[in-house]
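So you can see what is in the structure, the chains are spelled out below.
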Amino acid sequence: MTESPGWIAAKGIHPRELMKKLRVGPGRADWEAIDAFDISCARLPSGWYLVIIVHDVVFPTNEEWFAELSSEGDVVRFLVSAEGGFPLAQGFHAGTKRWELRPDSDEDVRVSGTPPECLAAIRQNRLAAQPPDDDSNPISFEILVDVCESLTGFRYDRLETLTEPFIHHNIN
């Protein structure tokens, strides 16, 4: 499976342990230098620890790895483009994958597992807010982004709102 950059957020897993499992080392802490690094990390105000995958790097991609990581806490994974070129959002807890969301059409998502409780309200709000003649931005993508934001407090398109400094890492 080829995958594009995205992000993961972990809660209940110490950042040092997460970095060890990701096999990454420290780098500088200036956001402008992001292109020189493979991943960037920050603690979110919500308590989740965010890992942004900046470049296509040798990074765990199989679900079993994320499930194992979640045995110590919770993990949410978001890929901008996964298999088939579609985005993917997944949630892991207690060593298992709990849910997965993928676009099913421009207006809906395909759900595997037990979806997060916030999904139904987010889906309803997005569908109600979409003007009938506006097909410029697929609702299904926004639903995935909104669900991940509801769970972790992070939106990829609002990086500038983060107040915590980023720590940049290179893959060892």
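Above this text sits the structure in question.
Source: prediction; values computed, not measured. (Residues numbered from 1 in each chain as written. Predicted model: local features only at pLDDT ≥ 70, side-chain atom pairs only at ≥ 80, totals over all residues. Heavy atoms only, no water.)

Tallying each qualifying case throughout the model produces 1 cavity of 30 Å³ or more. Roughly 40 Å³ of internal volume is contained in the largest cavity. Lining the largest cavity, in full, are W7, F78, V145, C148, F154, R155 and Y156. Split by residue class, the lining of the largest cavity holds 6 nonpolar, no polar and 1 charged. (1 Å grid on protein atoms, 1.4 Å probe; cavity = no way out; pocket = protein on both sides within 12 Å on 5 of 7 lines; lining within 4 Å. Points joined across faces, edges and corners; volume = space filled by probe spheres on them. Nonpolar A, V, L, I, M, F, W, Y, C, P; charged D, E, K, R; others polar.)

Summarising the sheet, strand β6 (residues 88-93) and strand β7 (residues 96-103) pair through 5 bridges and their orientation is antiparallel. Bridging from a neighbouring strand, H93 pairs with T96 of β7. The antiparallel hairpin formed by β6 and β7 contains 2 residues in its connecting segment, where A94 sits at a positive phi of about 55°. Two strands pair when backbone bridges link them, and β7 and strand β8 (residues 109-113) are joined in this way by 5 bridges, in the antiparallel orientation. By the bridge assignment for β8, W99 is matched with G113. Counted along the chain from β7 to the antiparallel partner β8, the turn is 5 residues long. (Pairing = 2+ DSSP bridges. Helix = DSSP H or I, 4+ residues; strand = E, 2+ residues; numbered from the N terminus.)

Turning our attention to the pattern of salt bridges. Any two side chains of opposite charge can pair if their charged atoms end up close together. A complete count under the given rule lists 9 salt bridges for this structure. Of the charged contacts in the structure, one is a salt bridge between R126 and D146, with a shortest N-O distance of 2.6 Å. Remark: D146 occurs in helix α4 (residues 139-152) and R126 occurs in helix α3 (residues 118-129); sequence separation between them is 20 residues. On the basis of relative accessible area, R126 is assigned to the partly exposed category, the value being 27%. D146 serves as the salt-bridge partner of R155, at 2.6 Å between the closest nitrogen and oxygen. By relative accessible area, D146 is classed as buried at 13%. Among the ionic contacts, a cluster of salt bridges with common partners joins R126, E142, D146, E149 and R155. (Salt bridge = Lys/Arg side-chain N within 4 Å of Asp/Glu carboxyl O. Buried < 20%, exposed > 50% of the residue type's maximum accessible area, 1.4 Å probe, protein only.)

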